[in-house]
Amino acid sequence: MSEVLLQVQNLVKYFPIKRGIIFKREVGRVHAVDDVTFDIYRGETLGLVGESGCGKSTTGRTILQLYRPSSGRIVFDGDNLVDLQGEALRLKRRRMQMIFQDPYASLNPRMTVGEIISEPLIVHGIAKGQKAEAEVMRLLGLVGLNPAFINRFPHEFSGGQRQRIGIARALALNPSLVVCDEPISALDVSIQAQVVNLLGDLQTQLGLTYLFIAHDLSMVRYICTRVAVMYLGVIVELGNREDLYETPLHPYTQALISAVPIPDPVKEEQRQRILLSGDVPSPINPPTGCRFRTRCPLAADVCAEQRPEFREMKLGHWVACHKV
Amino acid sequence: MMSMIRLIPMPPGKITAGTAMFKGRDLLTLSDDEIRDVRGAEIAMIYQEPMTAFNPVLTVGRQLIEPLEIHLGMNRRQAQQRAEELLGMVGIPNARERLNDYPHQFSGGMRQRAMIAMALVCGPQLLIADEPTTALDVTIQAQIVDLVKRLREELGMAIIWITHDLGLIAGLAHRISVMYAGYVIEQAPIKELYAYPFHPYTISLLNSLPYLDSNRQRRLESIDGLPPILLDKPTGCAFAPRCKYVRERCWKEIPPLIPIDINHHVACWIDPRSGKEHL
């Protein structure tokens, strides 16, 4: 396969839980991301899927150093981001940007669209004044908005249009990696397709690499080249789209895929669902050994004792399970 | 649906026309006392946000017992017993102890189960479910859908399931009505609608969805324009501004819901297969 753009190695992120007013002491930890390893290749879209609270957004944010990892390495363009600080990190950040989930909360309501999109250009000293304005106009055109909207405020736009503004802002610095954190889940069904098509067009046009974080497995299959499935802070399976959807190996992936409804009543009638019992355990006290064992239909003694190794079962198809 | 069981405050809301017949009685003309006897007893509702639908400062048990006492006139002991059975029926383990828990001590899926238990308290004949799984993860959603189907079978109640998820409803409903801007624009048995969608909006909606079981790299169809603003009553078809088959007539006259087949009703002037007017 092509060149590796980003390597994530043994990434760990804990959030401390503190008690006390003045002398705060740590009383526990949220194990948000616990030893996650994967690569992203240049030009691909890697999907990161899982249920709420499984650590997929934390992984995305930690990659961009919006959270500093507790341990692990994140190698981007040859440098370990974890070691970088200040100006050196800022220079790297130009190359990696983020699109956020909530198009209402992620745009400053007091700034015009022009100010929002030109801010990264000014902050990074790339363009200002008329040059910046011309660039904003170009970006607005690129994401399918009328460049005449430059002086409007975010509240004058619909959800889908706002998400386009967020995309324009992310593209202002001409990044190579864009982390898309559930970019369509806040949008109406009829608008989701517009934004997805736009992201696809931009990828072809600009050669972008996406880390696409989502919980909608149908959409992920549509968009992504490879897919990683997370459960309670760990990646349980990673593979090419076809392998992962046609022959899922991990019992969690199998249950997850079988739970997603298909908009076709005839197929729905014939499908066999794998119903998982219970809920996702708390990430403060995750189960020992395999994280999934408390809900797993195949669980055995070894699953409680040993953490399953993340193994490559066939070329490019990785799974962490004792029973596969 | 909220208007139908008179949950929309009036004023500012107003029901200006129509009837809603339930077992031979028009719900819209009942007195406040009469509708209160129907609501919660014969027609029950479950909501989208299980957290906000419960009172956070009362235990789940207290909230389950209340309708048993009010609607069925049970005493505290009987009500307690029944509440326990109901929680067990919706698959909550240790029902007796869980009755003393507050809603925040339940997980999202369990809260939704508890809300279903609350809706079933008086053995309703009609259950209105307003996007009850939208806030849940898919594996939990599958559990809830499975539960609802089982209860529908066991208790023989009718269900109106409100949703925007065309995948979910495909495996659950017998018949489907598609609404747009306050109008029912298409209505058909479930298989008929997915196999032969007729209204341009229904067709676009189905084509805008990705399918879990296919790699087909067709471009997703996007519906241009924006969802409607309901301030002004449209003078023609509400979908006209976004419709690719739009004709003169669509702007001027509101299309009525008319049958195009047995059980299949559509409100559209145009036959999208030929692009011509079919009325």
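Our subject is the structure that appears above.
Residues numbered from 1 in each chain as written. Chains lettered and ligands numbered in written order. Predicted model: local features only at pLDDT ≥ 70, side-chain atom pairs only at ≥ 80, totals over all residues. Heavy atoms only, no water.

## Overview of the packing of aromatic side chains
And then number 1: Tallied over the full model, the rule gives 9 aromatic pairs over all chains.
And then number 2: A centroid spacing of 5.2 Å and a plane angle of 85 degrees characterise the contact between Phe15 of chain A and Tyr67 of chain A, whose relative ring orientation is edge-to-face. You can see Phe15 of chain A sitting in strand β1 (residues 4-19) and its partner Tyr67 of chain A sitting in the loop between α1 (56-63) and β4 (71-76), a full 52 residues away along the chain.
And then number 3: Relative accessible area serves as the criterion here: at 27%, Phe15 of chain A is assigned to the partly exposed category.
And then number 4: Note that Arg249 of chain B overlies the ring of Trp269 of chain B, its terminal NZ or CZ placed 3.7 Å from the centroid. (Phe/Tyr/Trp six-rings, centres within 6.5 Å; stacked < 30°, edge-to-face > 60°. Helix = DSSP H or I, 4+ residues; strand = E, 2+ residues; numbered from the N terminus. Buried < 20%, exposed > 50% of the residue type's maximum accessible area, 1.4 Å probe, protein only. Lys NZ or Arg CZ within 6 Å of the ring centre and 35° of its normal.)

## A look at the nonpolar core
Residue and element names in this part refer to chain A.
And then number 1: Counting 70 residues, the largest nonpolar core has Ile167 and Leu202 as its most contacted members.
And then number 2: With 7 residues, the single largest contributor to this core is helix α6 (residues 189-206).
And then number 3: Apart from the residues lying within four places of it in its own chain, the contact partners of Leu202 are Leu142, Val143, Ile167, Leu171, Gly207, Leu208 and Tyr210. (Core = buried A, V, L, I, M, F, W, Y, C linked by side-chain atoms within 4.5 Å. Contact = heavy atoms within 4.5 Å.)

## Digging into the pairing of strand β6 (residues 96-99) of chain A
All names here are of chain A.
And then number 1: Residues Met96 and Met98 point to one face of β6 and Gln97 and Ile99 to the other, with burial holding for every one of them.
And then number 2: Note that β6 and strand β7 (residues 177-181) share 4 bridges and pair parallel. By the bridge assignment, Met98 is partnered in β7 with Val179. (Pairing = 2+ DSSP bridges.)

## Side note on the sheet that holds strand β3 (residues 45-49) of chain A
Strands in a sheet are paired, the pairing made by backbone hydrogen bonds, and the direction either parallel or antiparallel.
All names here are of chain A.
And then number 1: In space, the 8 strands of this open sheet follow the order β6-β7-β8-β3-β9-β10-β12-β11, with mixed pairing throughout. Either end of the sheet is taken by a strand with one partner, and the two such strands are β6 and β11 (310-314). The mean angle between the axes of side-by-side strands here comes to 20 degrees, regardless of whether they run parallel or antiparallel.
And then number 2: In this sheet, strand β10 (residues 234-240) lies alongside strand β9 (residues 226-231) in antiparallel orientation, the contact comprising 6 bridges. Its bridge partner being in β10, Arg226 is matched across the sheet by Asn240.
And then number 3: Packing of helix α5 (residues 159-171) onto the sheet brings it into contact with β6 and β7, and relative to β6 it is tilted by some 175 degrees.
And then number 4: Packing against the sheet, α6 makes contact with β3, β6 and β8 (209-214), and its axis sits at approximately 160 degrees to β8. (Axes fitted to C-alpha atoms, helices over the stretch in contact; angles between N-to-C directions.)

## As for the interface of chain A and chain B
And then number 1: Each partner contributes residues to the interface: chain A has 41 residues there, and chain B has 42 residues.
And then number 2: Taking both partners together, chain A and chain B bury about 3,600 Å²; carbon and sulfur atoms supply 60% of that area.
And then number 3: Of all residues in chain A, Tyr222, Pro263 and Pro265 of chain A give up the largest surface area on contact with chain B, accounting jointly for 19% of the area buried on that side.
And then number 4: At the surface where chain A touches chain B, the tally comes to 2 salt bridges.
And then number 5: With its nearest N and O atoms 3.1 Å apart, the salt bridge here joins Asp201 of chain A to Arg219 of chain B.
And then number 6: Connecting chain A to chain B are 9 residue pairs in polar contact (both at pLDDT 80 or more).
And then number 7: Examining the composition of the side of chain A that touches chain B, we find that 8 residues originate from one element, α6 of chain A, more than from any other.
And then number 8: Its residues assigned to classes, the side of chain A that touches chain B shows 19 nonpolar, 8 polar and 14 charged. (Buried area = accessible area lost by both parts, 1.4 Å probe. Salt bridge = Lys/Arg side-chain N within 4 Å of Asp/Glu carboxyl O. Polar contact = N/O pair within 3.5 Å; in protein donor to acceptor, adjacent residues only side chain to side chain. Nonpolar A, V, L, I, M, F, W, Y, C, P; charged D, E, K, R; others polar.)

## Things to note about the side chain of Thr112 of chain A
And then number 1: Note on placement: Thr112 of chain A falls in the loop between β6 and α3 (113-123).
And then number 2: Setting aside chain neighbours within four positions, we find Thr112 of chain A in contact with Ile150, Asn151, Arg152 and Phe153 of chain A.

## Notes on unusual backbone geometry
And then number 1: Unlike most non-glycine residues, Asn174 of chain A shows phi in positive territory, near 55 degrees.
And then number 2: Secondary-structure assignment places Asn174 of chain A in the loop between α5 and β7.

## Considering the sheet that holds strand β5 (residues 79-80) of chain A
All names here are of chain A.
And then number 1: Pairing in this open sheet of 4 strands is antiparallel, and the strands run β2-β1-β4-β5 from one edge to the other. Each edge of the open sheet carries a strand with a single partner, namely β2 (25-41) and β5.
And then number 2: Sheet analysis places β1 next to β2, joined by 13 bridges and oriented antiparallel. Bridge pairing links Pro16 to Arg29 in β2.
And then number 3: α1 contacts β1, β2 and β4 of the sheet and is inclined by roughly 115 degrees relative to β1.

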